[in-house]
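Here's the letter readout for the chains.
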Amino acid sequence: MNLTVNGKGAIVEGKDSLDVNALLVELKVEQPDYVTVELNGDILERENFAQTLVKDGDTVEFLYFMGGGSR
Amino acid sequence: MLTEDQIARYSRHIILKEVGGKGQKKLFDGKVMIIGAGGLGSPIALYLAAAGVGTIGIADADVVDLSNLQRQVIHQTKDVGIAKVLSAKEKMLAINPELRVNTYEEWISAANISEIIKDYDFVIDGTDNFAAKFLINDACVLAGKPYSHGGILQFDGQTITIDPGKSPCYRCIFPTPPPKDAIPTCSTAGVIGVLPGVIGTIQATEAIKYLLGKGELLTGRLLTYSALRMRFREVPIKKSGKCPICGDHPTITQVVDELDALNVCDLEK
C-alpha cells in the first residue's frame, strides 16, 4: 500500500492494511512509545493503536516531543 | 503620542500599513512574558526589545555557561557566571532603553506560574524541559492566555501558537509528558546553534502579530522545521474533545507540577 508519511510517499510492500502498532514497527519509527500519531488529520489515542487500521492512500503524521530551548 | 526619537527609531515599522503609529503604540503598551532566557529566549528577547514591546518579562534561574554561547546570542563571553535574566536585561536595555524589563530569577513551578504570567498579554515558552512546557500550557489554558510553544532538538524544531478555547493546545497533541529519561534533550542530544534563531524568531513574530491584532496566528497547525533538509512543514491539528485540559471533560482543573517529566538535565541543577 501507498501512504503519505510526514509529507513524503511511503510504500509498505505486500500489505493492504496494517494496525498502527505494526506500522510503527514496519517503518522503524524511533521511540515508538512516545510518538503521537495523526491519521488523516485526527490524533489517535494510544490505546486505540492496536485496533486502528492504516489503509492504502492514508496520510500519517508522526509527531515528536521536542524539549530543547533554554539550556 | 510618539516622540520624534520614537518616530525615527520605529520608522520602518510605522511605514507598514499593518503597523503605523497606532500599531507601534500597541506594541509599546503590550506586555510579553518570555519563559527561558536561553537558545529560544535570546532571539525572542532581542527582537521584542528592538520592536519596542513596552513591557517584557523574562524568567530563568540559570547562570550563563560557556557552553551556552554557541547559540544563546543574547549572552556574551563576559557574562559567563552571571544570571541569564540579568545578562538578557542588560542587552535589551542597551538596544532600547525605554522598555520596562521585569526579571524573574527563578524556575517556574505550579506555585509561581500563575502569578508570573498574570499581568502579561502573551506568553512565550522558550524552556528546555517537558515539565515546564506542560506547566506553561496548563497555566495559559486555565488563564485563557495566548502563548507560543517552541521546541528544538538537534537539527529539528517545532512551534505552534495556542489561543486557549479557540485553538488546539499542546495537550491536544501530547496529552501527557514523556517519562523522564525517555526523550533526549539539551546537553545529551546537542543542537545546531542557528536552530533556536529560526524558531525563536517565529515565536517573537507571533507575539508581535498578536499585539498588533494583524494577520493569522500559527494556531491549529504545528510548524515543523528540519534544518538538515531545509524544509518547513505544517501539520494541521484539531482541538481534541478528549484533551485533558481543554477537551469536553477536562481532568486538569488547576496547575500541577509534572514531576515524572523532569528530565536528565534537571538532575544536573
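Note: the structure precedes this text.
Everything numeric in this text was worked out from a predicted model, so none of it was measured.

Draft legend 1. Structural view of the sheet that holds strand β5 (residues 42-43) of chain A. Sheet architecture is open: 5 strands sit in the order β2-β1-β7-β4-β5 (chain A), paired in mixed fashion. Lying at the two open borders of the sheet, with one neighbouring strand each, are β2 (8-11) and β5 of chain A.

Draft legend 2. Structural detail: the interface of chain B and chain A. Facing the 50 residues of chain B at the interface are 21 residues of chain A. Both faces combined, the contact of chain B with chain A buries some 2,600 Å², and carbon together with sulfur accounts for 53% of it. On the chain B side of the interface with chain A, the three residues burying the most area are Asp 128, Phe 174 and Arg 233 of chain B, jointly 20% of the side's total. Our enumeration of links across chain B and chain A arrives at 3 salt bridges.

Draft legend 3. Representation of the side chain of Glu 38 of chain A in the model. Positionally, Glu 38 of chain A belongs in strand β4 (residues 36-39). Within the buried core, Glu 38 of chain A has no salt-bridge partner, and the shortest N-O distance to an opposite charge, that of Lys 238 of chain B, equals 7.5 Å.

Draft legend 4. Just helix α7 (residues 130-143) of chain B, in detail. Residues and elements named next belong to chain B. If you check α7, its first and last C-alpha atoms are 20 Å apart, about what 14 residues at 1.5 Å a residue would give, namely 20 Å. Burial runs high along α7: 12 of the 14 residues are buried. Of all the residues in α7, the buried ones are Phe 130, Ala 131, Ala 132, Lys 133, Phe 134, Leu 135, Ile 136, Asn 137, Asp 138, Ala 139, Cys 140 and Val 141. In this structure, the buried side of α7 is in contact with β1 (31-35), α6 (113-117), β4 (122-125), β5 (147-153), β6 (156-162) and α8 (170-173). Its side-chain oxygen at 3.3 Å from the backbone nitrogen of Ala 131, Asn 129 defines the N-terminal cap of α7. Of the residues one or two after α7, Gly 144 is the one with positive phi, at around 65°.

What counts as what
- Residues numbered from 1 in each chain as written.
- Chains lettered and ligands numbered in written order.
- Predicted model: local features only at pLDDT ≥ 70, side-chain atom pairs only at ≥ 80, totals over all residues.
- Heavy atoms only, no water.
- Pairing = 2+ DSSP bridges.
- Helix = DSSP H or I, 4+ residues; strand = E, 2+ residues; numbered from the N terminus.
- Contact = heavy atoms within 4.5 Å.
- Buried area = accessible area lost by both parts, 1.4 Å probe.
- Salt bridge = Lys/Arg side-chain N within 4 Å of Asp/Glu carboxyl O.
- Buried < 20%, exposed > 50% of the residue type's maximum accessible area, 1.4 Å probe, protein only.
- Lys, Arg positive; Asp, Glu negative; His and termini not counted.
- Expected span 1.5 Å × (residues − 1).
- Polar contact = N/O pair within 3.5 Å; in protein donor to acceptor, adjacent residues only side chain to side chain.

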